[in-house]
Structure formats: structure tokens, C-alpha cells
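Examination of the molecular architecture
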Amino acid sequence: MEGHSKQNQPAGNEKRPLISSDLATPIYGLFGLGILYTLYVAHQIILPIVLAVMTSLLLSPLVKKAYVKWRIPRMVSSMVFVLLVLAGIVGITLAVATPALKWVEEVPGAVSRVLVGESELSRQIAKVTESAEQVEKSVEQLSDGERRQPTAVVLQTDSWRSQLMNKIQNGIVGLALALALTYFLLVSGDRLIRNFVRQLPMGQRKTVLRITHDSQHLIAQYLGVLGLSNIFVGTSTGLICWAVGLPDPAVWGLVAGLARFVPYLGVVISVSMLSVISVISLEEFWMMAIAPLGFLALTTLVGAFIEPWIHGFRMAINPVIIFVSIFFWGWLWGPVGVLLAVPLMTVIQVVLKQIPRLRPVYRVIAR
């Protein structure tokens, strides 16, 4: 009996897994859903942190270079770069906000004038409206003898302007938090990473440092090259709009350049915007097509030939994954998530590539 009981007992050197293999997949799935729910619910806290981390990854090499080459203290150079980012955001907002609000008010009326005007369509609409009024009068006459039930009227007190102001206030607060955290990450972020790496085993320290370095390099390279190409596309689009006589050509060039930071969707939005503005502002059909087709040709030229030639590589992620990630992060965090989709996928790509256990996932999503 004793020998039989000893055989049933596990050996002293063998270790039982903490989680059974049958339960591992459901538990990991629940853990992933918990992370997704947290990202969605706590977006007002998480989103400024993500923005600060991505901005610090972009600006950290510049801060290091300023300290090594010119001995500028990190506190000074970090403050200068953060103020430059803030000035750029404020300048772009002021340049775009006033014309955008004006066109938001004018576009519906202008489109209706273009589509209706004094054409046959307007006469048909007038006839339909007249027939609807006659039917309404007939129904009222038939229901005069019947008692009418009281109708509850609900007043909508929260207008779209108040909702817009609320979103603007939340955006300003989030931007202020993101810029403040960016400053502190630029000043002492490297020290925080070094302290974190010292707590890891020797075999994992190089991996963490390599992930940080590669993330900084790829994001800086991607955004730098994309920024230069977008400046070229935006300037050229503005000149095309000015040549054909569109109002506010500088604004449309600026919007077209900024929209290219969003892959695929930015091109669609810019072409649609330029088409609507051209139809409203111009009279001849061939002139209406110049601005949207010119922007489309510039985007195709830059995206297919110039950008790959400048930075010497393409995103090593399948375009389907990028397209899905744009919708995913846009659903999760709105317009800011759309702008962060590609930089986030760049960081995720680096992490998947450097960790051996996650490398099969990288091979699946790779181009």
C-alpha cells in the first residue's frame, strides 16, 4: 500500500502549472476583454497617457541629441519642444476652426441650391409638398369629430453647441495633461526605464531596451517622413485650389495635408471635401474635377514612389491589419484613436517582433 501511494504522489522535482491548459485560453480571453473594457471606460485617463508616451518617444531622440551635442539641459530642451508642439496645435486649430465653422453653416444651403435651384427637380418637390399639405388637411377634417389625445412634448435642452463645448473642454483638459506628462517623461523617462530594467532578469534587459530603442526609431522615422511628404502634398493642394479659384485655398491645403496622417480614410475625406467645395464654388464641370483629382494624383505619387524611396522601408504590417486597426482605435477613442492607429501598430509590431513567444503573431500580421 505504501509503495502504491508513493507511486501516485507527484515527484518532488515536478512543478504543477498554476493554470490548467484547459482553463488557460478562457482565462486569457477574459483578461483581454477586461483590458478592452478598461481602455474603453477609462479613456479620459488612458488616452492622455498614451498620447504622452507616443509624443515622448518621438521627441526623446531630439532631447538626447540636444544634450549630447550642445549640452542643453533636458529640462530646457524638453520645455522648448513641448511648447513648440503646443504652438503647432494652437496655430493649426486657429487656422482651420474659423473657416471650418463658416463652411459648416454654409454648405447645407449651398448644396441644396446646387441640387434644387430653379430646375425641374424643384418644381417636382413643390408639387409633392402641395399634395402632402392637401392630404394633411383632409385627415384633419376627418378627425374633427374625434377627441384628440393629449400629446406629450419633450423639450431637448442639450443642444449640439453645448455638447460641442463640453467635448472641447474635455479635449483641452486631456491635451494639457498629455503635454504635462510628456514634459516629465522627456526629463526623467530614461531614468524611469533604467530603474525598471534593473529589476528584470539579465536575459530580459536587452529585450526591453531594444524594444524602447526600436520604437523610438521607427515612430520618429515614420512620422518624420510622413510629415515631410504631407507638407509637400498640402502645399501643392493649396496651390491647386488657389489656381482654380477656390476660397480659402490655404485652409484646404492644410486640411488635406493633415488628413494624410490617417491612412486610407484621410484620402477619402480629403477627396470628398475638395469635391464638395469645388461643386459649390465653381461653375464648369472640368474645373470642379481639378482639385480632387489633383490631390488624388499627388497622394498616389507620394505614397507609391517618394515615401518608400525616402525612408527605405514600408510598414511591415499587412494593409488589412492597418485598415482594421484604424476602425478599432477609432471606435475605442474616437478621432484621436484614428490618428494614433498607425503609431500604435508600429509599437505593437516592435513588441511582437522582439518577444520570442509573440513572434508567431508578428509573422501572421506581417506584410
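Only a predicted model underlies this, so the values are computations on that prediction, with no experimental measurement involved.

1. So, unusual backbone geometry
Phi is positive for R71, which is not a glycine, with a value near 55°. Residue placement: R71 occurs in the loop between α3 (43-70) and α4 (74-115). Despite not being glycine, D248 has its phi angle at roughly 50°, a positive value. By the element assignment, D248 lies in the loop between α7 (202-244) and α8 (249-259).

2. Quick notes on the packing of α7 against helix α13 (residues 335-354)
Their axes nearest at 9 Å, the elements α7 and α13 cross at an angle of 150°. With respect to their mutual orientation, α7 and α13 come out roughly antiparallel. Between α7 and α13 lies a crossing of right-handed hand. Counting all contacts with α7, which are made through T207, R210, I211, D214, S215, L218, I219, Y222 and L223, the residues of α13 involved are V342, P343, T346, V347, V350, V351 and Q354. Among the residues making up the contact of α7 with α13, the classes are represented as ten nonpolar, four polar and two charged.

3. Remarks on the UniProt feature "transmembrane region" (unreviewed entry) in the protein
In the numbering used here, UniProt assigns the "transmembrane region" (unreviewed entry) feature to residues 45-63, 75-97, 168-186, 219-245, 251-273, 285-306 and 326-352. Each end of residues 251-273 is marked by a C-alpha atom, and these two atoms are 12 Å apart; helix forms 78% of the span and strand 0%. This span, residues 326-352, is 96% helix and 0% strand, and a straight line between its end C-alpha atoms measures 19 Å.

4. Notes on the side chain of T182
Position of T182 among the secondary structure elements: in helix α6 (residues 160-198). Residue T182 is classed as buried on the basis of its relative accessible area, which comes to 2%.

5. Description of α3
Over its 28 residues, α3 runs 39 Å from end to end, which matches the ideal 40 Å to within 8%, given 1.5 Å per residue. Restricting attention to buried positions, one finds in α3 the residues I46, L47, P48, V50, A52, M54, S56, L57, L59, S60, V63 and A66.

6. Regarding the side chain of N230
You can see N230 is positioned in helix α7. Not counting the four nearest positions on each side in its chain, N230 is found in contact with G257, R260 and F261.

7. Focus on the packing of α8 against helix α9 (residues 265-281)
Between α8 and α9, the least distance of the axes is 8 Å, while the angle of their chain directions is 160°. The pairing of α8 with α9 is recorded here as roughly antiparallel in orientation. Pair α8 / α9 crosses with right-handed handedness. Residues W252, V255, A256 and A259 of α8 touch α9, and the partners they reach there are G266, S270, M273, L274 and I277.

8. Let's talk about the pattern of salt bridges
Side chains that differ in sign of charge can pair as their charged atoms come close. Scanning all chains against the criterion turns up two salt bridges. The partner of D190 in a salt bridge is K64, with the nearest N and O atoms 3.8 Å apart. Of this pair, D190 sits in helix α6 while K64 is found in helix α3, placing the two residues 126 residues apart along the sequence. Between D190 and R74 there is a salt bridge, with the nearest N and O atoms lying 3.1 Å from each other. Taken as a pair, D190 in helix α6 and R74 in helix α4 lie far apart in primary sequence, 116 residues in all.

What counts and what doesn't
- Residues numbered from 1 in each chain as written.
- Predicted model: local features only at pLDDT ≥ 70, side-chain atom pairs only at ≥ 80, totals over all residues.
- Heavy atoms only, no water.
- Helix = DSSP H or I, 4+ residues; strand = E, 2+ residues; numbered from the N terminus.
- Axes fitted to C-alpha atoms, helices over the stretch in contact; angles between N-to-C directions.
- Parallel < 35°, antiparallel > 145°, perpendicular 65-115°, else oblique.
- Left-handed = near helix turned anticlockwise from the far one by under 90°.
- Contact = heavy atoms within 4.5 Å.
- Nonpolar A, V, L, I, M, F, W, Y, C, P; charged D, E, K, R; others polar.
- UniProt positions renumbered as here; feature names shortened; annotations may be inferred.
- Buried < 20%, exposed > 50% of the residue type's maximum accessible area, 1.4 Å probe, protein only.
- Expected span 1.5 Å × (residues − 1).
- Salt bridge = Lys/Arg side-chain N within 4 Å of Asp/Glu carboxyl O.

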